Amino acid sequence: MSRKPSQLGFTLLELILAMGMISMLAVSLYATLRVAFKARDSATSGIAPMRSANVALDLLGQDIESALPPTGLLAGAFLGQHLGDVQISQDTIEFYCIGSSDSFDPPRSAGFRKIDLGLIASLDGRAYLLVRRITSNLLSPQEVQPEEEILCRNVRSFALRYFDGSTWYEDWDSTQMGDILPVAVQVDLQIQTSPDAQAPLYHASRVFAFACHTDATTTSTGATGATGSTGGTGSTGSTGGRR
């Protein structure tokens, strides 16, 4: 017996089967998207520490490689101090450098400036912030407050080592080293990959050379040359005696 035209449509059983199939399809699609989103979040969290460390090291390298000799009117002592313990280093460094307008962060990097680098505790107390303090007006008769900027967050350790050509040192004081710069400096950064204290740390390390490095022999040779020129001035006085 055939149906009448007014009774054409889906039965209740057909509707239930269709809804079940749609539900199964939706569940499988949700599971696939959930895995994809977790993979995206994992990749982002893995790349973020590496990206932060590379940016911070690029900025540090630009300052270090343009460091000025610790003598002269617009320059001062190069001071590097090792702080912290065996596991966590909180080193500080202070020096003078000259930047250019084509650097990573113009215009604050242009001209003569004093650089202070160190760690400060974050607000939540779980990690540290790598902070750079820049003093640009070096000839001001009044004390100038440095500009402070955060180079890297979630830092666990910030360690520096200084190379004099034969030995690595954890501290460097140019006033005690003959007013010279080290040959190179090694920067080690350890960054937390997640708020969990047990999570693995991302470690980044680079070595930067100083373009204005001069050894003690060169410095003493320059001083000897200056003494010789003074003697030349005395001979000029003897010329006046012939008059």
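Residues numbered from 1 in each chain as written. Predicted model: local features only at pLDDT ≥ 70, side-chain atom pairs only at ≥ 80, totals over all residues. Heavy atoms only, no water.

A. Quick peek at the environment of Y128. Structurally, the position occupied by Y128 is in strand β4 (residues 128-135). For the pair Y128 and V155, spaced 27 residues apart in the sequence, the C-alpha separation amounts to 4.9 Å. Once residues lying within four places of it in the same chain are set aside, the contact partners of Y128 are Q90, L119, I120, A121, S122, C152, R153, N154, V155 and R156. In this structure the side chain of Y128 is engaged in a polar contact, spanning 3.0 Å, whose partner is the side chain of Q90. (Helix = DSSP H or I, 4+ residues; strand = E, 2+ residues; numbered from the N terminus. Contact = heavy atoms within 4.5 Å. Polar contact = N/O pair within 3.5 Å; in protein donor to acceptor, adjacent residues only side chain to side chain.)

B. Examining the layout of surface pockets more closely. Empty space within the largest pocket amounts to approximately 230 Å³. Along its surface, the largest pocket is lined by 14 residues, and R153, N154, I191, Q192 and T193 are the ones closest to its centre. Of all the secondary-structure elements, those providing two or more residues to the lining of the largest pocket are α1 (12-65), β5 (147-163) and β8 (184-192). Top contributing element to the lining of the largest pocket by residue count: α1, with 4 residues. Of the residues contributing to the lining of the largest pocket, the split by class is 5 nonpolar, 6 polar and 3 charged. (1 Å grid on protein atoms, 1.4 Å probe; cavity = no way out; pocket = protein on both sides within 12 Å on 5 of 7 lines; lining within 4 Å. Points joined across faces, edges and corners; volume = space filled by probe spheres on them. Nonpolar A, V, L, I, M, F, W, Y, C, P; charged D, E, K, R; others polar.)

C. Main features of a nonpolar patch on the surface. Residues L29, L33 and F37 make up a contiguous nonpolar surface patch of roughly 290 Å² in combined accessible area. Tracing the backbone shows L29 in helix α1. (Patch = residues over 30% accessible without salt bridge, like charges linked within 9 Å, V, L, I, M, F, W, Y side chains within 5 Å. Areas by Shrake-Rupley, 256 points an atom, 1.4 Å probe, with all protein chains shown as cover. Salt bridge = Lys/Arg side-chain N within 4 Å of Asp/Glu carboxyl O.)

D. Inspection of the nonpolar core at higher detail. Counting residues in each nonpolar core, the largest one holds 32 residues, and the members touching the most others are L60, F78, F95, L130, F158 and V187. Each residue touching F78, except ones within four places of it in the same chain, is listed here: P70, I93, E94, F95, Y162, W172, D173, S174, L181, P182 and F210. (Core = buried A, V, L, I, M, F, W, Y, C linked by side-chain atoms within 4.5 Å. Buried < 20%, exposed > 50% of the residue type's maximum accessible area, 1.4 Å probe, protein only.)

E. Structural view of the packing of aromatic side chains. In the structure shown here, the tally under the stated rule is 5 aromatic pairs. Seen in terms of ring centroids, F78 and Y162 are 6.1 Å apart; in terms of plane orientation they differ by 90°. Their pairing is edge-to-face. Within this pair, whereas F78 is found in the loop between α1 and β1 (79-81), its partner Y162 is found in strand β5, the two being separated by 84 residues in sequence. Between Y169 and W172, the aromatic rings sit 6.2 Å apart at their centres with planes inclined by 70°, giving edge-to-face as the arrangement. One aromatic cluster in this structure is built from F78, F95, Y162 and F210. In this structure, R161 packs its charged tip against the face of W168, placed 4.8 Å from the ring centre. (Phe/Tyr/Trp six-rings, centres within 6.5 Å; stacked < 30°, edge-to-face > 60°. Lys NZ or Arg CZ within 6 Å of the ring centre and 35° of its normal.)

Functional significance is not addressed by these values, which are geometric in nature.
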